[in-house]
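A structural walkthrough
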Amino acid sequence: PFVADCYLPNETAQLELGRALAPALIGRAGLIFLHGDLGAGKTTLVRGLLRGLGVTGTVRSPTYTLIEPYSIQLADKTTTWPLFHLDLYRLADPRELDELGWRDLRADGGLLLIEWPERGAPLLPAADVSLHLTITASARQLRASGQPSWAAVMAVMQCF
Ligand code: ADP
Ligand code: MG
């Protein structure tokens, strides 16, 4: 698969990368995994993306709710595109995915962004794009891998 790397020196850079992903991701159906320790910047990246998609108001971390649904208005103004932000950190058992309505989410034709996907394994399918965030001193390092059909998304994360 395609690989990309990005050095993100501060929170602003993290938000800006999320924002920059919006045009490449809008309208797509798929599954994106966000790997990384607590504080690695997963939610910050999603927050930037949601801003880029025109979501105003507070973007909450799904730490306790496990899932935050969004309905994004597309350019034609008549179609909405579903986006789901999940944080599976508090999932005690992968089978709880069913209680979250996992099957319906997948069938919805929207984009799923999943923090802590390892908590949902082995019941989660393979991701279209996987992001791995690591903490380096006061900054963050992103490594991404993705399916060839997601090359436009991967290109945004190729910072070097
Ligand atoms: P996660 O969702 O991975 O647990 P968060 O997105 O909540 O992490 O971010 C945790 C903290 O890291 C926040 O205070 C945020 O401002 C900070 N942060 C995010 N990205 C960066 C970055 N590239 N450099 C420095 N700090 C960052
Ligand atoms: Mg988070």
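Check the entry above for the structure.
So, here's what we can say about the structure. Just so you know, these numbers come straight off a predicted model, no measurement behind them. (Residues numbered from 1 in each chain as written. Chains lettered and ligands numbered in written order. Predicted model: local features only at pLDDT ≥ 70, side-chain atom pairs only at ≥ 80, totals over all residues. Heavy atoms only, no water.)

**Looking at the nonpolar core**
Here is the rule we go by: Residues belong to a common nonpolar core when they are buried Ala, Val, Leu, Ile, Met, Phe, Trp, Tyr or Cys residues joined through side-chain atoms within 4.5 Å. Residue burial is assigned from relative accessible area. The probe radius is 1.4 Å, only protein chains are included, and a residue is buried under 20% of its type maximum, exposed over 50%, and partly exposed in between. Any pair of residues with heavy atoms lying within 4.5 Å of one another is described as a contacting pair.
Core analysis: the biggest nonpolar cluster contains 33 residues, and Leu 83, Leu 131 and Met 157 have the highest contact counts within it. When residues no more than four places from it in sequence are discounted, the contact partners of Leu 131 are Ile 32, Phe 33, Leu 34, His 35, Leu 45, Leu 142, Arg 143, Ala 144 and Met 157. Listed in part, the 16 residues of the second largest apolar core include Leu 31, Ile 67, Leu 86 and Ala 127.

**Section: empty space enclosed by the protein**
As a reminder, the rule being used: Definitions used for this entry: grid spacing 1 Å over protein atoms alone; cavity, a set of points where a 1.4 Å probe fits but cannot get out; pocket, an open set with protein on both sides within 12 Å along at least 5 of 7 lines; lining residue, one with an atom within 4 Å of a point. Grid points are joined across faces, edges and corners, and a volume is the space filled by probe spheres set on the points. The way it works is that DSSP assigns letters per residue, a run of H or I at least four long becomes a helix, a run of E at least two long becomes a strand, and they are numbered from the N terminus. Gly is put with the polar residues, along with every residue not named as nonpolar or charged; the nonpolar set is Ala, Val, Leu, Ile, Met, Phe, Trp, Tyr, Cys and Pro, and the charged set is Asp, Glu, Lys and Arg.
Using the criterion set out here, one finds one cavity of 30 Å³ or more in the structure. Space inside the largest cavity adds up to approximately 80 Å³. Taken together, Leu 21, Leu 25, Ile 32, Leu 34, Leu 45, Val 46, Leu 49, Leu 113, Val 129, Leu 131, Val 153 and Met 157 make up the full set of residues lining the largest cavity. Looking at the lining of the largest cavity, the elements with two or more residues in it are α1 (11-25), β2 (30-35), α2 (42-52) and β6 (129-136). Here the element with the most residues in the lining of the largest cavity is α2; it accounts for three residues. For the lining of the largest cavity, the class distribution of residues is 12 nonpolar, no polar and no charged.

**A look at the environment of Leu 86**
Within the fold, Leu 86 resides in strand β4 (residues 80-87). C-alpha separation for the pair Leu 86 and Pro 69, spaced 17 residues apart in sequence, amounts to 8.6 Å.

**Re the coordination of the magnesium ion (ligand 2)**
To keep it simple, the criterion reads: Atoms of type N, O and S within 2.8 Å of a metal are treated as its donors, and for Na, K and Ca the window is 3.2 Å; water is not considered, so some sites may appear to be missing partners.
Distances from the magnesium ion (ligand 2) to its protein donors, namely Thr 43 (OG1) and Glu 115 (OE), fall within the range 2.1 to 2.2 Å. Here Thr 43 is found in helix α2, whereas its partner Glu 115 is found in strand β5 (residues 111-115), with 72 residues between them in sequence. Residue Thr 43 shares its accessibility class with Glu 115, and that shared class is buried.

**Some details on the sheet that holds β2**
Counted only if it meets this: DSSP-based pairing: two strands are paired if at least 2 bridges between them are found. To obtain an axis, a line is fitted to C-alpha atoms, over the contacting stretch when the element is a helix, and the angle between two such axes runs from 0 to 180 degrees between their N-to-C directions.
Taken in spatial order, the seven strands of this open sheet run β1-β7-β6-β2-β5-β4-β3, and their pairing is mixed. With one partner strand each, in any of the chains shown, β1 (2-8) and β3 (67-73) form the two edges of the open sheet. Neighbour-to-neighbour, the strand axes of the sheet open up by a mean angle of 15°, direction not taken into account. By the bridge criterion, eight bridges tie β6 to strand β7 (residues 139-146) in an arrangement that is antiparallel. Bridging from a neighbouring strand, Leu 131 pairs with Ala 144 of β7. In this fold α1 packs onto β1, β2, β4, β5, β6 and β7, with an angle of close to 145° to the strand it touches most, β1.

**Overview of the packing of α1 against α2**
Here is the rule we go by: Reported orientations rely on four angle classes, namely roughly parallel under 35 degrees, roughly antiparallel over 145, roughly perpendicular from 65 to 115, and oblique for the rest. Crossing handedness is defined as follows: a turn of the near helix away from the far one that is anticlockwise and smaller than a right angle gives a left-handed crossing, while the clockwise case is right-handed.
Look at α1 against α2: their axes get within 6 Å of each other, and the N-to-C directions meet at 50°. Relative to α2, the element α1 lies oblique. Helix-helix and strand crossings are classified by hand; for α1 and α2 the assignment is right-handed. Together, Glu 11, Gln 14, Leu 15, Leu 17, Gly 18, Arg 19, Leu 21, Ala 22 and Leu 25 of α1 and Thr 44, Leu 45, Arg 47, Gly 48, Leu 49, Arg 51 and Gly 52 of α2 make up the contact between the two elements.

**Describing the state of the cysteines**
Worth spelling out the cut-off: Note on terminology: disulfide denotes any pair of cysteine sulfur atoms within 2.5 Å.
Counted by the stated rule, this structure contains one disulfide. Across the disulfide from Cys 6 sits Cys 159; the S-S distance is 1.7 Å. Residues Cys 6 and Cys 159 share a disulfide whose torsion about the S-S bond is about -65°; that sign makes it left-handed. Of this pair, Cys 6 sits in strand β1 while Cys 159 sits in the segment after α4 (151-156); the two residues are 153 residues apart in sequence, bridging distant segments of the chain. Overall, Cys 6 belongs to the buried group, its relative accessible area being 2%.

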